[in-house]
Structure formats: structure tokens, C-alpha cells
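Observations on the model geometry
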Amino acid sequence: MTKLEVLISKEQIDKRVGELAADIRRDYADKDPLLIGALKGSFVFMSDLMRKLNIPVEVEFVRLSSYGAGTETSGKVKLVQGIKTPLKDRHLLVVEDIVDTGLTLHFLLDYLQRRKPASVKLCALLDKPSRRVVDVPIDYLGFTVPNKFIVGCGIDFNEEFRYLPDIYTVEEQ
Ligand code: PRP
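What comes next is a walk through the structure. Small disclaimer: the values here were computed from a predicted structure and weren't measured.

This brings us to the overall build of the protein chain. The helix and strand tally for the protein chain stands at three helices and nine strands. Scanning the protein chain from its N terminus toward the C terminus, one meets helices and strands in the order β-α-β-α-β-β-β-α-β-β-β-β. A globule of 173 residues ought to have a C-alpha radius of gyration of about 16 Å, and the protein chain, at 16 Å, matches this closely. By residue count, 45% of the 173 residues in the protein chain fall in the buried class. The long-range fraction of contacts in the protein chain, counting pairs at least 24 apart against all pairs at least 6 apart in sequence, stands at 66%. On the protein chain, roughly 8900 Å² of surface is accessible, and the fraction owed to carbon and sulfur atoms is 51%.

Turning to helix H2 (residues 43-53), its buried residues number three or more, namely Phe 45, Met 46, Leu 49 and Leu 53. All buried residues of H2 lie within an arc of 100° about the axis, which places them on one face of the element. Residues of H2 that are buried in the fold lie against helix H1 (10-28), strand S2 (34-39), strand S3 (58-65), strand S5 (91-99) and strand S6 (119-127). Of the residues trailing H2, Asn 54 is marked for its positive phi of about 60°.

The subject of this paragraph is the packing of H1 against H2. Packing of H1 against H2 brings their axes to within 9 Å, and their N-to-C directions diverge by 55°. As the angle between them shows, H1 and H2 are arranged oblique. The hand of the H1/H2 crossing is right-handed. The residues of H2 that touch H1, namely those facing Asp 14, Val 17, Gly 18, Leu 20, Ala 21, Ile 24 and Arg 25, are Phe 45, Asp 48, Leu 49, Lys 52 and Leu 53. In the contact of H1 with H2, the residues fall into seven nonpolar, one polar and four charged.

How each quantity is defined
- Residue numbering note: each chain is counted from 1, following its sequence as written.
- Reporting of local features is limited, given that this is a predicted model, to residues whose pLDDT is at least 70; pairs of side-chain atoms are given and counted only at 80 or more, and all residues count toward the totals for whole chains, interfaces and linings.
- Water and hydrogen atoms play no part in the side-chain values, which are based on all heavy atoms of the structure.
- Each helix corresponds to a stretch of at least 4 residues labelled H or I by DSSP, and each strand to a stretch of at least 2 residues labelled E; elements are numbered beginning at the N terminus.
- It is over C-alpha atoms that the radius of gyration is taken, and the globule rule equals 2.2 Å times the number of residues to the power 0.38.
- Only protein chains enter the accessibility calculation, which uses a 1.4 Å probe. A residue is then buried if its area is under 20% of the maximum for its type, exposed if over 50%, and partly exposed in between.
- Contacts are assigned to residue pairs with any non-hydrogen atoms lying within 4.5 Å of each other.
- Note on areas: these come from Shrake-Rupley sampling with a 1.4 Å probe, and a residue is covered only by the protein chains present in the view.
- Note that the arc is defined by the directions from the helix axis to the C-beta atoms.
- Axes, fitted as lines to C-alpha atoms, cover a helix only where it is in contact. Angles between the N-to-C directions of the axes lie from 0 to 180 degrees.
- Every angle not falling under 35 degrees, over 145, or within 65 to 115 is termed oblique; those three ranges are roughly parallel, roughly antiparallel and roughly perpendicular.
- By the definition used in this description, the sense in which the near helix is turned from the far one sets the handedness, with an anticlockwise turn below a right angle giving left-handed and a clockwise turn giving right-handed.
- Polar here means any residue outside two lists: the nonpolar Ala, Val, Leu, Ile, Met, Phe, Trp, Tyr, Cys and Pro, and the charged Asp, Glu, Lys and Arg; Gly therefore counts as polar.

So this is what it looks like as C-alpha cells:
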């Protein structure tokens, strides 16, 4: 049986996303930023954040995969679908749901840097630093979470639970 416990409520998420949006708006108001999301996990946070920014932004998505259908990262990140639009001299803000080992972000930041953007920064809703394998600089962070399996707000467990508005820890019993 799978047991879920609320870790961060949708009210807490809403408030924190508003604060992050205010910081980003201040830093990017005159920069015509391009938001970059990694599918699938980031689409809920991306949608919440971009609607709170209140500045003109563009958005692109990449499709990466490392976890497959399981709960443990394979350690090997694959680019399933990249970005066709030119990134040269653009101010890029990567918007991610969770940084765990950091392998996904490390791969994505490297992929983006190769396209010669003006700048690349990272906004992550959740950080699980206890699992980090490679260092990743998080410029805007929502919450730090414990070393437990997390679902909700776009994050899945075997493709389930992405739709949940709150963030939960999962325990298999
Ligand atoms: C999840 C999550 C992050 C990544 C973080 O994606 O959305 O992108 O793992 O883990 P890491 O820091 O250990 O690399 P996943 O590969 O499960 O694909 P999904 O977004 O389609 O759920």
C-alpha cells in the first residue's frame, strides 16, 4: 500500500511561488527572459510561476529522462527532445520542480550553455540536498525537502500523483 502525507500545502506553495515571482520580476524586468522547463515534472510549477511573474516572458520545454518508470535515477540523462529556437544572447531561466542528485540539471545547464546564451539561472521549487551527486547552483529556491520520496505539484511516483496540488511524502507499506 502507498501512504501519502502532506509535506507542503498548496497554500504554502502558492505563497512561496508568489515570493519567487517577485524576486524574478525584480531581476528580469528589462531582460526579456526565456523560461526553460524540463518535462514532464516542471509543467505545473512553470504554469504557476509564469502567471505570477506579471512581466512578458517566453517559454520553451526540453524533454529529458533518467528515472524511467522506476523511483531510482539511472544516473544517465537522455535528451528526448531539445529546443529549436535560438538561445544565443538570451537570458535563460530554467524552471525545475525538484533537484535531487543534480544530474538532470547538470546535463541541462551544460546543454544550454553550449548555445551561448547571455545568462543562465535556475529556479527550483524543491531541493533535496541530501541526495546530491553533482553540485548545481540554485538561484531561486522554493523549499528544501528531506530525503524521502516526494510527489505532487507535477512530481510523480511511477507516473501517478502529478495532479495533486499539495506536495506529499510517499511511503510504501
Ligand atoms: C525528475 C524531476 C527532475 C529530476 C531531478 O524528472 O522532474 O527533472 O527528476 O532528479 P535529479 O536531480 O536526480 O536528476 P524525471 O527524470 O523523473 O522525469 P519527469 O520530469 O518526466 O518526471
